Amino acid sequence: MSLPLAHREVFPEAIYMVQDESGQLIAYRSESLNSDKGEAILTFLGKDTDLFTEAESELDIQLLSTLAESKIIPTNIKDARLRLTLVWGEITNSVIGYRLMKRTYGMTCKNQRCANYKKPLEGKNCSLCKQSLNAAEVTKLQKEIAFSEPYVTKY
């Protein structure tokens, strides 16, 4: 696993999912990540977990020098154009924390444009978009954690 991927997938307390030979998902919890050694210590959680983690990251692009003049490129969107500039720069990706999430099955709004999309709801209709609720997989935030020191990868 590459270091940038390790920063996003096996940071301490991350729930890391892998597929076994039969195709079943198996969960592990990361106990520690040692970037210098390229080592993560994982603890077996089992096959039936409804928890997962989502890394919270920031991306910073630092322009160091312009390599070519900007070009305006036409698009298929009416009256829209794209300005393309070839530059040399440094990209920094920082994993600054994570969200522990829980998967459940329940009633939710299936309208992707609604703020209640995939959130656990009660009743027959969504309180925001008024569409009928449907049974589906829903996710619920359990906790949010910010790292005191981010996991940083520079390119």
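Structure: see above.
On a predicted model such as this, the values are computed, not experimentally measured, just so you know.

> Requested: an account of the pattern of salt bridges, with residues and values cited.
Taken as a whole and assessed by the stated rule, the structure comprises seven salt bridges. With a closest N to O distance of 3.7 Å, Glu-13 and Arg-29 form a salt bridge. A residue pair is termed long-range when its members are at least 10 positions apart, and Glu-13 in the loop between helix 1 (3–9) and strand 1 (15–19) and Arg-29 in strand 2 (residues 25–34) qualify at 16 residues. Where Arg-99 meets Glu-56, a salt bridge forms, and the shortest distance between an N and an O atom there is 2.1 Å. In this pair, Arg-99 is assigned in strand 7 (residues 87–108) and Glu-56 in strand 4 (residues 51–66), connecting sequence segments 43 residues apart. Overall, the relative accessible area of 30% leaves Glu-56 in the partly exposed class. Each of Glu-54, Glu-56 and Arg-99 takes part in salt bridges that share partners, so that together they form one network.

> I'd like to hear about the sheet that holds strand 1, residue by residue, with values.
Pairing within the open sheet is antiparallel, and its three strands lie in the order 1-2-3. For this open sheet the edge positions go to strand 1 and strand 3 (39–46), each flanked by a neighbour on one side alone. Shown here is a sheet whose adjacent strand axes are inclined to one another by a mean of 40°, direction ignored.

> Explain the side chain of Asn-93 residue by residue, including any values.
Relative to the assigned elements, Asn-93 resides in strand 7. With sequence-adjacent residues up to four places away left out, Asn-93 is seen in contact with Arg-8, Ser-57, Glu-58, Leu-59, Tyr-151, Val-152, Thr-153 and Tyr-155.

> Please set out the nonpolar core residue by residue, giving values where relevant.
Ranked by internal contacts, the top residues of the largest apolar core, which has 13 residues, are Val-10, Phe-11, Leu-33, Tyr-98, Phe-147 and Tyr-151. Counting only elements with at least two residues in this core, the list comes to strand 1, strand 2, strand 7 and strand 8 (134–154). When residues of this core are assigned to their parent elements, the largest contribution, three residues, is made by strand 7. Those residues in contact with Val-10 that sit more than four places away from it in its chain are Met-1, Leu-5, Tyr-16, Ser-30, Ser-32, Leu-33, Ala-40 and Leu-42.

Conventions used here
- Residues numbered from 1 in each chain as written.
- Predicted model: local features only at pLDDT ≥ 70, side-chain atom pairs only at ≥ 80, totals over all residues.
- Heavy atoms only, no water.
- Salt bridge = Lys/Arg side-chain N within 4 Å of Asp/Glu carboxyl O.
- Helix = DSSP H or I, 4+ residues; strand = E, 2+ residues; numbered from the N terminus.
- Buried < 20%, exposed > 50% of the residue type's maximum accessible area, 1.4 Å probe, protein only.
- Pairing = 2+ DSSP bridges.
- Axes fitted to C-alpha atoms, helices over the stretch in contact; angles between N-to-C directions.
- Contact = heavy atoms within 4.5 Å.
- Core = buried A, V, L, I, M, F, W, Y, C linked by side-chain atoms within 4.5 Å.

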